[in-house]
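Summary of structural features
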Amino acid sequence: MVMKASVVKAVNSQINAELESAYLYLAMSGRMEELSLPGLARWLRLQWEEELVHAMKFYDFLIQRGAAVKLEALSKPTADFKTPLAAFEAVLEHEQYITDRIWKLNEVAVKESDYALQSLLKWYIDEQVEEEDNARNAIDSLKLVGKDGSGLFLFDREMGQRTAGAEGGEQ
Ligand code: FEO
């Protein structure tokens, strides 16, 4: 079934949003390195890779459906956070924005009766629940740690245990 132009446009726009997410997390990772928090930097760097996977799943979907990929410019990311807590609050806010976009994309898929896109989006809808949960867990831990340097040191080490493909820092 040929994809409708409005659906192709919406998917291309989401590819851009996922690539911007990647770019944002890479900038945040660099900032965590600056703040001497290598564990959080690693966690965010893996998140960068994960966002590239999110973008590429949409990219491959367009190719498979015989639709054209149209890449747009990326915005300059903001990552001059004073604290890791501020950074992870921004992560949560960003993921909530992405969830909103995914749900709206699903509305387009439903409106245009694109069942293949609806099927693909199930994965993203579930993924966003996990993404928001990870950010909330990190915020909760960072709030508990507060200004306690040794607590932050341990939390940073824990977050640094994340392995590629694993979502949380707890593994
Ligand atoms: Fe691809 Fe973090 O949403």
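This text follows the structure it describes.
This write-up is about the structure you can find in this document. Fair warning: this is a prediction, and the values are worked out from it, not measured in the lab. (Residues numbered from 1 in each chain as written. Predicted model: local features only at pLDDT ≥ 70, side-chain atom pairs only at ≥ 80, totals over all residues. Heavy atoms only, no water.)

**Regarding the pattern of salt bridges**
Two side chains carrying opposite charge are able to pair once their charged atoms lie near each other. The test is simple: By definition here, a salt bridge exists when the distance from a side-chain nitrogen of Lys or Arg to a carboxyl oxygen of Asp or Glu is within 4 Å. Where helices and strands are cited, they refer to DSSP runs of H or I of at least four residues and of E of at least two residues respectively, numbered from the N terminus. Accessibility here uses a 1.4 Å probe with only protein chains present; expressed as a share of the type maximum, an area under 20% marks a residue as buried, one over 50% as exposed, and anything in between as partly exposed.
Scanning the entire structure with this criterion turns up 7 salt bridges. Taking the shortest distance from any N to any O, the salt bridge between R31 and E34 comes out at 2.9 Å. Highlighted residues: R31 and E34, both in helix α1 (residues 5-34), separated by 3 residues, approximately one helical turn. We classify R31 as buried; its relative accessible area is 17%. E112 is the salt-bridge partner of K111, the closest N and O atoms lying 3.7 Å from each other. Taking relative accessible area as the criterion, E112 reaches 19% and is therefore assigned buried. Among the charged side chains, a salt-bridge network with shared partners connects K4, K111 and E112.

**Description of the packing of helix α4 (residues 115-145) against helix α5 (residues 149-159)**
Our working rule: For every element, the axis is a line fit to its C-alpha atoms; helices are fit only across the contacting stretch, and the angle between N-to-C directions ranges from 0 to 180 degrees. Every angle not falling under 35 degrees, over 145, or within 65 to 115 is termed oblique; those three ranges are roughly parallel, roughly antiparallel and roughly perpendicular. The sense of a crossing depends on the near helix, which, turned anticlockwise from the far helix by less than a right angle, makes the crossing left-handed and, turned clockwise, makes it right-handed. Whether two residues are in contact is decided by their heavy atoms: any pair within 4.5 Å suffices.
At a minimum axis distance of 9 Å, the contact between α4 and α5 shows a crossing angle of 160°. Put simply, α4 runs roughly antiparallel to α5. With respect to the hand of their crossing, α4 and α5 are arranged in right-handed fashion. Only G151, L152, F155 and M159 of α5 make contact with α4, whose side of the interface consists of A138, S141, L142 and V145.

**Looking at the layout of surface pockets**
Short version of the rule: Here a cavity denotes a set of grid points, spaced 1 Å apart and computed over the protein atoms alone, in which a 1.4 Å probe fits but from which it cannot get out, and a pocket denotes an open set meeting protein on both sides within 12 Å along at least five of seven lines; residues with an atom within 4 Å of a point are reported as lining. Grid points are joined across faces, edges and corners, and a volume is the space filled by probe spheres set on the points. Under the scheme applied here, ten amino acids are nonpolar (Ala, Val, Leu, Ile, Met, Phe, Trp, Tyr, Cys and Pro), four are charged (Asp, Glu, Lys and Arg), and all others, including Gly, are polar.
Roughly 200 Å³ of internal volume is contained in the largest pocket. L35, L37, T83, P84, L85, L142, K143, G146, K147, D148, G149 and L152 are the residues that line the largest pocket. Those elements giving two or more residues to the lining of the largest pocket turn out to be α3 (84-111), α4 and α5. Its residues assigned to classes, the lining of the largest pocket comprises 6 nonpolar, 3 polar and 3 charged.

**Here we look at the environment of T163**
By secondary structure assignment, the location of T163 is in the segment after α5. Using a relative accessible area of 42% as the deciding quantity, one classes T163 as partly exposed. Residues T163 and K147 lie 16 residues apart in sequence; the distance between their C-alpha atoms is 27 Å. Apart from residues no more than four positions distant in its own chain, T163 is found in contact with R42 and L46.

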